[in-house]
Amino acid sequence: MTTFDPQPSRRILLAGAGALGFSGLAGGAQAAQAAPLVNPVVRQRADAQVFKHADGYYYLTGSVPEYDRLVVRRSRTLAGLSTAQEAVIWRRPTEGKLGGYIWAPELHWLDGAWHMYFAAGDKGQPFRIRTYVLRCEGRNALTGTWSLLGEVQTPWDSFNLDSTIFHHKGVRWFCWAQKEPGIETNSNLYLAPLATPLTLGRPPVRLTVPTLDWEVRGFKVAEAPAVLIRNGRVFIAYSASATDDRYCLGLLTADADADLMAQGSWTKSPAPVFVSSSETGVWGPGHNSFTVDEQGRDVLVFHGRDYKVIKGNPLFDPNRHTRVQRLYYKPDGTPDFGVPAGAGEIPDRFSPLGRPGAFLRVDGEAVGVGGGALATTQLRQKAGAGGAVILEPILRPGHGLKVEGGVVAIGPGDKATAFKRVKGLAGKGVSFQAPGGGYLTHRDGAVVVGPARDVGARKAATFLVS
Ligand code: AHR
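Reading the values: rules and limits
Residues numbered from 1 in each chain as written. Predicted model: local features only at pLDDT ≥ 70, side-chain atom pairs only at ≥ 80, totals over all residues. Heavy atoms only, no water. Pairing = 2+ DSSP bridges. Helix = DSSP H or I, 4+ residues; strand = E, 2+ residues; numbered from the N terminus. Polar contact = N/O pair within 3.5 Å; in protein donor to acceptor, adjacent residues only side chain to side chain. Phe/Tyr/Trp six-rings, centres within 6.5 Å; stacked < 30°, edge-to-face > 60°. Buried < 20%, exposed > 50% of the residue type's maximum accessible area, 1.4 Å probe, protein only. Lys NZ or Arg CZ within 6 Å of the ring centre and 35° of its normal.

Peer 1: How do you make sense of the sheet that holds strand S19 (residues 267–268) when you look at a structure like this?
Peer 2: Paired through backbone hydrogen bonds, the strands of a sheet run either parallel or antiparallel to each other. The strand order across the open sheet built from 4 strands is S16-S17-S18-S19, with neighbouring strands paired in antiparallel fashion. Of all strands in the sheet, those bounded by a partner on one side alone are strand S16 (222–230) and S19. In the sheet, strand S17 (residues 233–240) pairs with strand S18 (residues 248–255) via 8 bridges, with the strands oriented antiparallel. Bridge pairing in S18 links phenylalanine 235 to threonine 253.

Peer 1: Looking at this structure, how should I read the side chain of aspartate 348?
Peer 2: Tracing the sequence through the fold places aspartate 348 in the loop between strand S25 (344–345) and strand S26 (350–352). For aspartate 348, the side chain forms a polar contact with the side chain of arginine 326, separated by 2.4 Å. Only 2.8 Å separates the side chain of aspartate 348 from the side chain of glutamine 381, close enough to count as a polar contact.

Peer 1: Before we go on, may I ask you to explain the environment of isoleucine 236 in this structure?
Peer 2: Tracing the backbone through its elements, the reader meets isoleucine 236 in strand S17. Sequence-wise, isoleucine 236 and tryptophan 266 are 30 residues apart; in three dimensions their C-alpha atoms are separated by 9.6 Å.

Peer 1: Whenever I open this one, the packing of aromatic side chains confuses me. Can you help?
Peer 2: Here the distance between the centres and the angle between the planes together describe a pair of aromatic rings. Taken as a whole and judged by the stated rule, the model has 27 aromatic pairs. Consider the rings of phenylalanine 166 and tryptophan 173, whose centres lie 6.3 Å apart with planes at 15°: the pair is stacked. The class for phenylalanine 166 is buried, based on a relative accessible area of 6%. Using a relative accessible area of 8% as the deciding quantity, one classes tryptophan 173 as buried. Ring geometry for phenylalanine 350 versus phenylalanine 432: centroids 5.7 Å apart, planes at 80°, classification edge-to-face. Placement of phenylalanine 350 in strand S26 and of phenylalanine 432 in strand S34 (residues 430–433) is noted, with a sequence separation of 82 residues between them. Pair check on accessibility: phenylalanine 350 and phenylalanine 432 agree, each one buried. Members of the aromatic cluster, joined through ring pairs, are Tyr67, Tyr101, Trp103, Phe127, Phe159 and Phe316. Residue placement shows arginine 74 over the ring face of tyrosine 57; its charged tip is 3.8 Å from the ring centre.

Here it is in structure tokens:
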């Protein structure tokens, strides 16, 4: 029986609305579209799966701190997930099987019905974790009637969790984490075709065992696979180590035309691709999923905490919040995860018109235009007074671009320049007008503010946002 939790915290929206001068609270999709996408998107929802379904809704499900129920929310916009009503579609029984911890759900539309895959322990043995599936009678996942379809059958009766499903070249694939008898790890990753919602089409291939130092910190873990198929490759991001600040993402890669069931088709990133950041204040980033924003741009979804030091068992610290940021790619077509972006509006990149591959960038005290590490080119447009924006580098939270004598530098927030964002002077993108009337622009790699009286100047003062 579906119930709806009381309205989730509107702290985020109020903060956003106040800053942006919105009156009242965003209730419907229309108002929600005006709300900025602000991290954390949803507090205390770990292991979040966010995806855009064919019905046009974004769906979100994830682990709740109590590990006692399955919840789903949906919105026409990513930002709307922050305030969307949350349906409780199932609660664990008070006794017996599935009465233990309820972890890492994923919602999938299979064979014309919603299916919820999740990991569950038993009452009295809460860590006897196995993977189960609920099936929904009805097309609305939030209000339909859910019932237990059964337990997913894997080759071993052992700890298994964090399953995901993806489709590639006509095959419905099942990827999950499991402890394999004879291998002294907490979990490894496995892959097999899915024959029915509960059965595999053939014995699985073992994709990876945690052996590298960044995979075995606290616990020997490879879990939470998330699949992205782009640029002729199949990428599987996965999470490693203990769920504290050492939690991080690794990446498996196979050619999209390869035999995915051959271990040799897969290569593992030698280093983690996404780790805690003291600069941005995000710790233990992981258990990710992938989606696209309203413009079709790739988005990384993950959880992370705002603090490094945890009291007690990290698994029972409730503050793994759902966060999102755009996902970019390196010149070779592999995803560039960068760093977890931190609290506030999600950042953008600003490329001067006519300078593809160059971006507005802040590296320490240096403000310039060029290439370099992704994180140095990501700035958030913080809402300032009267609709103006402060351009805040994600690696310098609390700071912003400031104009002094026509030169642009970095300074503390209260000294930062509030720019008026306008339609790009060259007819596309955006431009930023300083209080004195000049525009943010660049000359010989330096970032300055100046007039934009001719075509060339207007072009130099125009930035394409990505
Ligand atoms: O959040 C509960 C469990 O903790 C998730 O299933 C797993 O990915 C993590 O280790």
